[in-house]
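Each chain, letter by letter, is given below.
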Amino acid sequence: MLAGMKSPMSYCTDATWVGRSDCQHCDIRGTMLFSELQERELGDLLRPVDNLRLAAKSSLYHEGEVGDAVFTVRKGLVRLVHYAPNGTRRIVRLLKSGSVIGMEVLVNTHYHHCAEAVSDTDLCRIPVEVITQLEGRNPALHTALMRRWQNSLDDADMVITQLSTGSSHARVARFLLLVAIDPHRTECHHLMREDIAALLGLTVETVSRVFAEFKRNGWLVEGADCPRINPQALERVATD
């Protein structure tokens, strides 16, 4: 298959296959799932790992679909979404570079959420059988998987305790700090007001009002590129 062609995986609805992943020379290998493996272990077993591209606003997989792979985010931002029977939407988690998506298929056969790209996203697709084989013979990978599970639990707890409680100003401030993409937390991923409201449990009008106030105070600047924030000011608001 040539780069640019559609992925053959039926559940990768909008993913484009780029080629085989080069785990040995990955520029963010230190943050990825296989970061604790030695180079000699990044051989034949990792040959089935594919590099995929997912355009903004497109879907990786849908809730309830049968899956046989997990995904790691190299670049970009992915949201996990639950759609209720009445059509309401709730974003349950945001996943940035280094995050693992779809780990539930390691113990179950179905994906628990819809995975959608917020921005143009670069991912690696790792078949479950690859992880199962490596985990069985490599204690370091087993430890790494347990750490990722704990990170997922911590992220879920954070959504409940930090992004769904407190004043609207505090929730929005915590959100902006969460989606920071540079080491100094001065730039962050761009999300639509509707997405932010769905994640924070607020109305779109409330989110817009808080954004306007933050901009008047000079704590937030929105332009054509990534929004810029004043992390020190937002940290004070986040503790209110």
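Higher on the page you've got the structure.
Residues numbered from 1 in each chain as written. Predicted model: local features only at pLDDT ≥ 70, side-chain atom pairs only at ≥ 80, totals over all residues. Heavy atoms only, no water.

K.L.:
Lay out the overall build of the protein in plain terms, naming residues and giving numbers.
P.N.:
Each helix and strand in the protein was counted, giving six helices and 11 strands. Residues counted as buried form 48% of the 240 residues belonging to the protein. Counting contacts in the protein only where the partners sit at least 6 residues apart, residues at least 24 apart contribute 70% of the total. In the form shown here, the protein has an accessible surface area of approximately 11,900 Å², with 52% of it arising from carbon and sulfur atoms. (Helix = DSSP H or I, 4+ residues; strand = E, 2+ residues; numbered from the N terminus. Buried < 20%, exposed > 50% of the residue type's maximum accessible area, 1.4 Å probe, protein only. Contact = heavy atoms within 4.5 Å. Areas by Shrake-Rupley, 256 points an atom, 1.4 Å probe, with all protein chains shown as cover.)

K.L.:
I'd like a description of the environment of threonine 88, backed by residues and values.
P.N.:
When you line up the elements, threonine 88 lands in the loop between strand S5 (78-83) and strand S6 (89-95). Note: C-alpha distance between threonine 88 and alanine 198 (110 residues apart in sequence) is 9.0 Å. In this structure the side chain of threonine 88 is engaged in a polar contact, spanning 2.8 Å, whose partner is the side chain of asparagine 86. (Polar contact = N/O pair within 3.5 Å; in protein donor to acceptor, adjacent residues only side chain to side chain.)

K.L.:
Give me the environment of valine 66: which residues, what numbers.
P.N.:
Within the element layout of this structure, valine 66 appears in the loop between strand S3 (59-61) and strand S4 (69-75). Put simply, valine 66 and threonine 109 are 43 residues apart on the chain and 5.4 Å apart in space, counted from C-alpha to C-alpha.

K.L.:
For the packing of aromatic side chains, give the residues involved together with the corresponding values.
P.N.:
In the structure shown here, the tally under the stated rule is three aromatic pairs. When the centroid spacing of 3.7 Å and the interplanar angle of 15 degrees are considered together, the rings of tyrosine 61 and tyrosine 111 count as stacked. Taken as a pair, tyrosine 61 in strand S3 and tyrosine 111 in the loop between strand S7 (100-101) and strand S8 (114-117) lie far apart in primary sequence, 50 residues in all. Of the two residues examined, tyrosine 61 and tyrosine 111, each falls in the buried class. Note on phenylalanine 214 and tryptophan 219: the rings are 5.6 Å apart at their centroids and 55 degrees apart in plane angle, and the pair reads as tilted. Among the aromatic residues, those joined into a ring-pair cluster are Tyr61, Phe71 and Tyr111. (Phe/Tyr/Trp six-rings, centres within 6.5 Å; stacked < 30°, edge-to-face > 60°.)

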